[in-house]
Amino acid sequence: MMNPESVSAGHYSDPGLLILSSLAAGPKHGYAMMEDIVAFSGARLEPGTLYGALTRLERRGWIEALPAEERRRPYRITAAGLNALQEQLQTMRAIVTVGLDRLAKI
Amino acid sequence: MRWLILFYPPAWRGRYQEEMLALLEQHNITWRTWFDLLRGALDARLDPHFRTQCGYQDAGVQLRRAHSAFFWAFPALILGYMFFLDGLDDAFYTWNQTHAAIRQFKTGSEFLLALGVAVFLLMGIWLAILFVRELLGSKVRKVRGGGRMRSLRYAVLLAPGVCGLYSVRAILSPLLPLIIVAIPFPLAVGILHCEVSHRVLRFALFPLCLTFAAMATQLLYTAVWGGAIWNTSAPVVHRMALSEGRCIWPGELWRLQLIGGCVWMAAMTGYTFLRLKQGFLAFRPAASLTGGSHAR
C-alpha cells in the first residue's frame with residue numbers, strides 16, 4: 001500500500017516521478033536532469049516546473065542538494081526517495097499489467 | 001530573463017535563484033518558458049513555506065534589503081517632494097508660519113531630517129574608519145561581486161565624509177536638497193557592495209530608523225497642511241505662489257500636485273517601513289540560524 005504522500009507522484013507525466021527516475025541514475029544538476037528526462041521519457045520539463053518539483057521533493061526528503069559547482073547545484077536521490085520511487089513504479093507496473101490484460105481480452 | 005525571477009518570493013530566490021539563472025542560460029527560451037516561470041512564481045508565492053518572513057535566507061539578506069530600500073526610496077522621496085511640492089510648499093510658507101501647530105510640526109520634521117542626515121554622515125565616517133582599520137590589520141575584505149578592488153572600496157567608504165564636507169559648505173546653497181539626496185548613497189553602496197559583518201549591518205539600521213522617522217513626519221506634515229489648504233480657491237493659491245515668487249501647476253492642477261506629492265511620499269515611506277520591519281525581524285533567533293541551509 002502506498003503512503004498518501006506518494007500517491008500524488010503516481011502519474012507517468014508527473015515531474016516528481018520523472019526527476020526521481022532521472023536521479024536514480026546518479027546526481028545531476030537542473031539542466032542535466034531536463035536533458036535526461038527528454039531522452040528517456042520524451043517529456044520536456046520547463047525550468048519553472050522543474051524547480052517547483054525539486055522544491056517539493058527536497059522538502060519531503062526524497063532528494064538532497066549537493067555542494068554547488070560554480071553556479072549550478074547538483075541533486076541526488078536519498079534512500080527515502082529510492083523507496084518512494086520503487087513504490088510508485090511497482091504500482092504503475094501493476095496498473096500496466098492489469099490494463100494490458102484487459103486490452104488483450106477485448 | 002532575469003527579471004522574471006523577481007516574481008518569485010524572496011525566500012525562494014535566496015535559495016534557488018543562482019542555479020535557476022545558470023539553467024536558463026543554457027535553456028532554449030520560448031514563450032512556454034515565460035509562461036512556465038510565471039506559473040512557477042505564482043505556485044511559490046502560494047506556498048506557505050515561502051511566505052514566511054525568512055525561509056531559507058539569512059539575516060544578512062534581510063538587513064541588506066533594508067539598506068537597499070534607502071538606496072533609492074529616500075532619494076526618490078526627496079526628488080518627488082521637489083517635483084511635486086517644492087513650489088507649493090513655498091507658496092504656503094508664510095501662511096504656514098502663522099499657524100502654530102503646523103509650524104511646530106514643520107520644525108519637528110526638519111529637526112528629525114537633520115538628525116537623520118547627521119547620523120547618516122557619522123555612521124558613514126565610522127564605517128570608513130572601521131574598514132580602514134580592518135584593511136590595515138590585513139583582514140582584507142572583498143567588494144561583493146567586484147573582486148579585490150581596494151581603491152574602489154576606499155573611495156566608496158570614504159565618500160560619506162567627503163559628502164559631509166560638501167553638505168556643510170552647501171548649507172545655504174540651492175543645491176542642498178541634492179546634497180541631502182546624495183548623502184545615503186555612499187553608505188548604501190558601502191553596505192550593499194562590501195562584505196561587512198552583521199554587527200555593522202545592525203548598527204547601520206539606526207540612522208535608517210531616524211531617516212525613516214523624518215520621512216514619515218514629513219509625510220504627516222504635508223498631509224496636515226494639505227488638508228488645511230484643500231478648500232482654498234485656485235486664484236488665491238496662485239496669488240500666494242506669485243507673492244512668494246514660486247511657480248505652481250496651472251488652474252486647479254495644484255490639487256493634483258498636492259495629491260501626487262502625498263501619494264508619492266506615502267509610497268516611498270510605506271515601502272521603507274516594510275523593508276525596515278523585515279530588517280528588524282531578521283534579529284529573531286529563528287531567523288538568524290537559517291543562513292542558507294536547505295529545508296527538510
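Thresholds applied
- Residues numbered from 1 in each chain as written.
- Chains lettered and ligands numbered in written order.
- Predicted model: local features only at pLDDT ≥ 70, side-chain atom pairs only at ≥ 80, totals over all residues.
- Heavy atoms only, no water.
- Helix = DSSP H or I, 4+ residues; strand = E, 2+ residues; numbered from the N terminus.
- Buried < 20%, exposed > 50% of the residue type's maximum accessible area, 1.4 Å probe, protein only.
- Contact = heavy atoms within 4.5 Å.
- Areas by Shrake-Rupley, 256 points an atom, 1.4 Å probe, with all protein chains shown as cover.
- Phe/Tyr/Trp six-rings, centres within 6.5 Å; stacked < 30°, edge-to-face > 60°.
- Buried area = accessible area lost by both parts, 1.4 Å probe.
- Salt bridge = Lys/Arg side-chain N within 4 Å of Asp/Glu carboxyl O.
- Polar contact = N/O pair within 3.5 Å; in protein donor to acceptor, adjacent residues only side chain to side chain.
- Nonpolar A, V, L, I, M, F, W, Y, C, P; charged D, E, K, R; others polar.
- Axes fitted to C-alpha atoms, helices over the stretch in contact; angles between N-to-C directions.
- Parallel < 35°, antiparallel > 145°, perpendicular 65-115°, else oblique.
- Left-handed = near helix turned anticlockwise from the far one by under 90°.

J.: I would appreciate a short explanation of the overall build of chain A in the present structure.
T.: When you go through chain A residue by residue, the secondary structure sums to 5 helices and 2 strands. Secondary structure of chain A in N-to-C order comes out as α-α-α-α-β-β-α. Within the span of chain A, comprising 106 residues, buried residues form 42% of the whole. Pairs at least 24 apart in sequence give 48% of the contacts found in chain A among residues at least 6 apart. Only carbon and sulfur atoms are counted for the fraction: they give 57% of the accessible area of chain A, which is about 5800 Å².

J.: Got a minute to help me understand the packing of aromatic side chains in this structure?
T.: The description of an aromatic ring pair rests on the distance of the ring centres and on the angle between the ring planes. On inspection of all chains with the given rule, the structure shows 9 aromatic pairs over all chains. Centroid distance Y51 of chain A to Y16 of chain B: 5.8 Å. Interplanar angle 70°. Geometry classified as edge-to-face. Separated into two different chains, Y51 of chain A in helix α4 (residues 47-60) and Y16 of chain B in helix α2 (residues 10-26) make up a pair that spans both. Each of the two residues, Y51 of chain A as well as Y16 of chain B, counts as buried. Plain terms: the ring middles of F83 of chain B and W249 of chain B are 5.9 Å apart, the flat faces sit at 70° to each other, and that makes the pair edge-to-face.

J.: Explanation requested: the interface of chain B and chain A in the structure shown.
T.: How big an interface is tends to be stated in terms of the accessible area lost upon association of its parts. Contacts between chain B and chain A engage 28 residues on the former and 21 residues on the latter. Here chain B and chain A share an interface that buries about 2200 Å² over both sides, 46% of which is from carbon and sulfur atoms. Linking chain B with chain A are 5 salt bridges, by the criterion used here. In this structure, D43 of chain B engages R56 of chain A in a salt bridge whose closest nitrogen and oxygen atoms are separated by 3.2 Å. The interface formed by chain B and chain A holds 14 residue pairs in polar contact (both at pLDDT 80 or more) in total. Sorting elements by how many residues they give to the side of chain B that touches chain A places α2 of chain B first, with 12 residues. Taken together, the residues that form the side of chain B that touches chain A break down as 11 nonpolar, 7 polar and 10 charged.

J.: Sorry if this is basic, but what is going on with the packing of α4 of chain A against α2 of chain B here?
T.: Helix packing geometry: the angle between the two helix axes and the distance between the axes. It is the contact of α4 of chain A with α2 of chain B, at a shortest axis distance of 11 Å, that shows an interaxial angle of 140°. The orientation of α4 of chain A relative to α2 of chain B falls into the category oblique. Judged by the sense of rotation from one axis to the other, the crossing of α4 of chain A with α2 of chain B is right-handed. Touching P47, G48, L50, Y51, T55 and E58 of chain A of α4 of chain A are W12, R15, Y16, E19, M20, L23 and L24 of chain B, all from α2 of chain B. For the contact of α4 of chain A with α2 of chain B, the class distribution of residues is 8 nonpolar, 2 polar and 3 charged.

J.: What is the right way to read the pattern of salt bridges from this model?
T.: Side chains bearing opposite charge may pair, as long as their charged atoms lie close to each other. One pass over the full model with this rule turns up 11 salt bridges over all chains. Ionic pairing is found between E35 of chain A and R44 of chain A, a salt bridge with its closest N-O pair at 4.0 Å. R44 of chain A sits in the partly exposed class, given a relative accessible area of 40%. Where R76 of chain A meets E64 of chain A, a salt bridge forms, and the shortest distance between an N and an O atom there is 2.7 Å. Taken together, the residues R76 of chain A in strand β2 (residues 75-77) and E64 of chain A in strand β1 (residues 63-65) connect sequence positions 12 residues apart. Several salt bridges share partner residues, and in doing so they unite E58 and R73 of chain A together with R15 and E19 of chain B into one network.

What is shown is where atoms sit, not what they do.
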